[in-house]
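Topology and contacts: notes
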Amino acid sequence: MINSKNVFALAGMLQTLGSIVNRLMIPAFACLVGLGFSVISLVASPQTAAVDWPAFLARSDMQWPELPQDYNEAAYTGNGRLGTIFWQDQDGSLGFEISRSDLYDHRRAEGGLGVVYAKYRLPNGRLHFTLPGAKPKGKLHLDLWNAEVRGELQNSNSTVQLRTYTHATEPVIVIETVGPAPVIDFRPVPAKSYRTRNPPTNYLAYPPQVRADAGDIAVSVQEMPDDARYQTDGVGVGQYATAWQTVESDGGRRTTYVALGLSHPGRTARAEAIAAVRRAAAISPATLTETHRQRWHEFYPRSFLSVPDPLLESYYWIQVYRMGSVSRADGPIVDLLGPWYQKTVWPAVWWNLNIQLTYWPFYTANHVDLAEPLLNTLWLNRTNLATNASAAAGDAYYIARVTAMDCRSGPGQELGNLPWVMHNLWLQYRTTMDDALLREKIFPLMRGTFNHLARLLKKGADGKLHLPDSGSPEYVDSVADCNYSAACLRWLAAAMVQADARLALRDPVTARCREVLAQLAPYAVDDTGFMVGKDLPFAKSHRHWSHLFMIYPFHEWSFDNPAQAPLVEKSLNHWLAKPQAFAGYSFMAAASMHALAGRGDAALKSLHDFLKFRGCLPNGLYREAGPCMETPFFTARALQELLLTSHGDLIRVFPAVPTTWSNACFADFRAEGAFLVSAERRDGVTRAVRVTSLAGEPCRIRTTLPGAVAAQGARKFALRQLPGGVTEVDLRKDETVLLHSGATAPEFRPAPVAQLGEPNRWGLRQPAK
């Protein structure tokens, strides 16, 4: 058994070293620290580091036995800001979309869905590689462990080996070929949003891109001039520019370095892109590869999951790869596209579901640092949040359905969006127990959000407090006593009371919170369960489950409460009985609520129903009318919830394991209260549970261990058995305990479980579902 004191001494040294490396490699990281942002440094534990990661992740690698032909099949790489997604065009070339997730139009223009101040994502262009001769055939392989795509292109004239990655810390895409030289050309796309539904009126593209090479570095520049026809926030002109250079070496090897600079305001993007290419080209290819891989090799072992279902396990690890591809602690917020542009009806940040679901799996997966852009974006733009709320004093916050990354929106009918986002920030706090972060940023944002809603409340003839008529996302624009709005307000008020007590703030706002909790009108209910709002039953199929938020994700109403369970069950069954309009995330919501009831088999069916769903793409992405970032991530979250949940100050281990999963294992999942939890299930029985406390919070855990629970660690732990199979452990900060049954503690090392099927099912081929 590894001594916990040694484990934490090693972890402390690694954490310090990791912090230094991060600051050296990412200057913006240090800038965020200087501005007072919380940047969480995370390292893998010795237990997860002991996994044979290359071999384990190889069984989840994506394979393309033929070249992908469109976005829905494409391969992709990214580094949290810059990225590429590529496929073979009809002319036979391999086209690499060169994009970055913060490339937005800076002009305001009227749009649809009540969006008055929408500033949408902009396209850039594609860098094409064309082999001489006939249209080639080929194959690709995404190596998850190394975060790179390798492949081969072949026609009657030639064979070319391909390797490409977006460097993890340098702002460059690297495309390496070995063989005959391909023809490389950049094909820019007109610089305007291609929102395909309710497009802005009288909206014109910026001037065309122009070539402005710098010696042997090719550069295509897109100017973003000021335009008197639009509001530009007084910040003037902007620019973005794509630079690329191909460097030849021995053996027919050619390495192309690609960068995309962006400046707004200002016209420095061209210089930034050129500098990035020159810097990368000056580093030896081996060193550049090594530094890229090092970051990813540190990233994956922060947590571990293995289940016997090869389709789900692979899909999960593809989503972890996507987490590392779309986000960085110091990077931009993740919109619906991330670093992979595509024409879409959703080229922005959507706040009525998408952004919340996107970040949900990050917390449990022990990648809470990658969720920080959500908090950072809201904090930096709180003046805009106040403007949205028409709060002259700046003390109330609101956000409508859609914004750019500046959080500026017009009026809207959905009152629950920003409170729901506060729940994400609450998870950020609860999984870290960073009291300074709660005090300095999260609680002030919660208070401003609450203030806006509290000022809208009116006392009715019934003596209860009522919100004005408001919208239940995409079901109805306006309804009295909307359950979505009410559930979000109730959760927010309760969380603020809890936060105030934790921090001993004695903030006057908490008196109003208690008043709201005591006097807010009850939820609208009929004989089918929770309604959408007053006099409006849930009567038609709908993909959102917003009217059930008091069940999930807020856990205000529970299957565990005998007085509440019948209404919870009735409401869930009524929603599930109308699946005709379900979207992909609907199946995940169903899976998560089944998991709350301990119904692992039903949850597993919902997960597989999603994998059969038309929007679930073979390359691990998802689309409806356009690409949607959030649904695959919600799938990862739902799978996590079969293995671990932690709401309500109780850690639940294996709460909803399907009966077919005799074996399962996870390690270093983050639980609320700032615990790292690991557990192994073997032959249908929980074998061991390991818990590390990062903050010294009370540890109450339902282990599912058979028989009496025993503990092993660096000292003798006091265990107290509570009703409902709950064990209370006197675990102190930075201590680790191994919980087990029987007199002898088993040796516990996270390891892959045997799978009930063939691995490597994702990629071009539609998986066997």
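The shown structure was predicted, so the numbers you read here are calculated from the model rather than taken from an experiment.

Definitions and limits used
Residues numbered from 1 in each chain as written. Predicted model: local features only at pLDDT ≥ 70, side-chain atom pairs only at ≥ 80, totals over all residues. Heavy atoms only, no water. Helix = DSSP H or I, 4+ residues; strand = E, 2+ residues; numbered from the N terminus. Rg over C-alpha atoms; globule rule 2.2 N^0.38 Å. Areas by Shrake-Rupley, 256 points an atom, 1.4 Å probe, with all protein chains shown as cover. Lys, Arg positive; Asp, Glu negative; His and termini not counted. Charge placed at Lys NZ, Arg CZ, Asp CG, Glu CD. Core = buried A, V, L, I, M, F, W, Y, C linked by side-chain atoms within 4.5 Å. Buried < 20%, exposed > 50% of the residue type's maximum accessible area, 1.4 Å probe, protein only. pLDDT = per-residue confidence, 0-100. Contact = heavy atoms within 4.5 Å. Pairing = 2+ DSSP bridges. Expected span 1.5 Å × (residues − 1). Polar contact = N/O pair within 3.5 Å; in protein donor to acceptor, adjacent residues only side chain to side chain. Axes fitted to C-alpha atoms, helices over the stretch in contact; angles between N-to-C directions. Phe/Tyr/Trp six-rings, centres within 6.5 Å; stacked < 30°, edge-to-face > 60°. Lys NZ or Arg CZ within 6 Å of the ring centre and 35° of its normal.

On to the overall build of the chain, then. Each helix and strand in the chain was counted, giving 18 helices and 33 strands. At 26 Å, the chain has a C-alpha radius of gyration in line with the 27 Å of a compact globule built from 769 residues. Seen through its principal axes, the chain has C-alpha atoms that stretch 70 × 65 × 50 Å. When the accessible area of the chain is evaluated, it comes to approximately 26,800 Å², of which 53% is carbon and sulfur surface. Charged side chains of the chain number 77 positive and 71 negative; the gap between the two group centres comes to 2 Å.

A separate point is the nonpolar core. Counting 223 residues, the largest nonpolar core has Y300, L378 and W545 as the members making the most contacts within it. Broken down by element, the residue count for this core peaks at 13 residues, all from helix α13 (residues 483-503). A243, A276, V277 and L288 belong to the second-largest nonpolar core, a separate cluster that totals 18 residues.

Scored by pLDDT, the chain has a mean of 91; 90% of the residues are at 70 or more. Counting interchain partners and residues more than four positions distant, the pLDDT-below-50 stretch residues 1-39 has 49 contacts. Of the regions scoring below 50 in pLDDT, residues 112-117 engages in 20 contacts with residues more than four places distant in sequence or in other chains.

What follows is about the pairing of strand β4 (residues 94-100). Burial of β4 is extensive: seven of the seven residues sit out of reach of the surface. Burial along β4 is two-sided: the residues L94, F96, I98 and R100 and G95, E97 and S99 are all buried. Of the pairings in the sheet, the one linking β4 to strand β5 (residues 125-130) comprises five bridges and is antiparallel in character. Counted as the bridge partner of G95 is H128 from β5.

Turning our eyes to something else, we now look at helix α7 (residues 310-326). Relative to the 24 Å expected for 17 residues at 1.5 Å per residue, α7 spans 24 Å between its end C-alpha atoms, a close match to the ideal helical length. Counting buried residues in α7 gives 17 out of 17 residues, a clear majority hidden from the surface. Where α7 begins, the side chain of D309 points an oxygen toward the backbone nitrogen of L311, at a separation of 3.1 Å.

Now for the sheet that holds strand β13 (residues 238-249). Overall, antiparallel pairing links the nine strands, which are arranged β1-β6-β7-β8-β9-β14-β13-β12-β11 in an open sheet. The sheet terminates laterally at β1 (62-64) and β11 (210-211), the two strands that pair on one side only. With respect to the sheet, helix α6 (residues 285-299) is in contact with β7 (148-154), β8 (159-166), β9 (173-178) and β14 (253-263), its orientation differing from that of β8 by roughly 50°.

Quick look at the sheet that holds strand β31 (residues 719-722) now. One key point about sheets: their strands pair by backbone hydrogen bonds, in either a parallel or an antiparallel sense. The strand order across the open sheet formed by five strands is β24-β25-β29-β32-β31, and the pairing between neighbours is mixed. Looking at the sheet topology across the chains shown, the edges are occupied by β24 (644-645) and β31.

Once that is clear, we can look at the packing of aromatic side chains. Counted by the stated rule, this structure contains 44 aromatic pairs. Relative to F549, the ring of Y484 lies with its centre 5.5 Å away and its plane at 75°, an arrangement referred to as edge-to-face. One end of the pair, Y484, is in helix α13; the other, F549, is in the loop between β23 (529-530) and α15 (565-576), and 65 residues separate them in sequence. Comparing Y484 with F549, the two get one shared label, buried. Considering the side-chain rings of Y523 and F530, the 5.8 Å spacing of their centres and the 90° angle between planes classify their relative orientation as edge-to-face. The class of F530 is buried, set by a relative accessible area of 2%. In this structure an aromatic cluster arises from ring pairing among W53, F56, Y76, W145, W296, F299, Y300, F304, Y316, W317, Y321 and W340. The positively charged end of R126 is found above the aromatic ring belonging to W87, 4.0 Å away from the centroid. One Lys or Arg, K540, reaches over the ring of Y475 and ends 4.9 Å from the middle of that ring.

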